[in-house]
Amino acid sequence: MAVNLLRSEKAHAEHLARMKVEDRPVPTCPRCGFVASENTTKYGLRSDCCGLWSWNRMPLADAKTHEARKHLGPLFSSLSQALGAVQFYSEMRKRVDMKRAEEMTISTMNEVTAKKFRAAAEDLLMEMMAGNVVANAPKSGTAARRK
Ligand SMILES: [Zn+2]
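Residues numbered from 1 in each chain as written. Predicted model: local features only at pLDDT ≥ 70, side-chain atom pairs only at ≥ 80, totals over all residues.

### Some points on helix α5 (residues 111-129)
Residues that lie three or four places apart on an α-helix share one face, since the helix turns once every 3.6 residues.
And then number 1: Along its 19 residues, α5 runs 27 Å from first to last C-alpha, staying within 8% of the 27 Å computed at 1.5 Å per residue.
And then number 2: Buried within α5 we find Thr113, Ala114, Phe117, Ala120, Ala121 and Leu124. One side of α5 holds all its buried residues, which, seen down the axis, span an arc of 130°. Of the residues in α5, the exposed ones pointing more than 90 degrees away from the buried face are Val112, Ala119, Met126 and Met129.
And then number 3: Elements that come into contact with the buried residues of α5 comprise α2 (63-70), α3 (72-83) and α4 (85-95).
And then number 4: Phi for Gly131, located one or two positions after α5, is positive at around 85°. (Helix = DSSP H or I, 4+ residues; strand = E, 2+ residues; numbered from the N terminus. Expected span 1.5 Å × (residues − 1). Buried ≥ 20, exposed ≤ 12 C-beta atoms within 10 Å, placed from the backbone. Arc of directions from axis to C-beta. Contact = placed C-beta atoms within 7 Å.)

Written out as structure tokens, the structure is:
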């Protein structure tokens, strides 16, 4: 039952991630069942309730989950920049069990998933530093811009 619940939460989060922010409903708090309070901040819409929070109307998450997700953004973007989005995705697929690119949406990850992706991304980074994973032929212009 817990597994089914997690799976449907994940599907719900992925569904939300495909919607525009303004089309998403204000998240409901999983702890008290009330609709979260919402504030516009310079980082976007922030929803808060019972010590849980989220950005841009994604499901509310606790501090541990936010902490686990925190480093993924910069890690994903630097790897994706170094390898190109397509190769980055295929390298990640070799390391994490996933079917679709949407599963790499950071704002939908729970703590466990975020940790799993972080380990995979760090493994990929190590392999690149060791020279075992090399970027495919760069697009024209990329090489010329390199110092
Ligand atoms: Zn609440």
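### Topic: unusual backbone geometry
And then number 1: Unusually for a residue other than glycine, Cys50 sits at a positive phi of about 50°.
And then number 2: Position of Cys50 among the secondary structure elements: in the loop between β2 (44-49) and β3 (52-55).
And then number 3: With a phi angle near 65°, Arg57 is a residue other than glycine that sits in the positive phi range.
And then number 4: For Arg57, the location among the structural elements is in the loop between β3 and α2.
And then number 5: The exposure class of Arg57 is buried, given the 23 C-beta atoms found within 10 Å.

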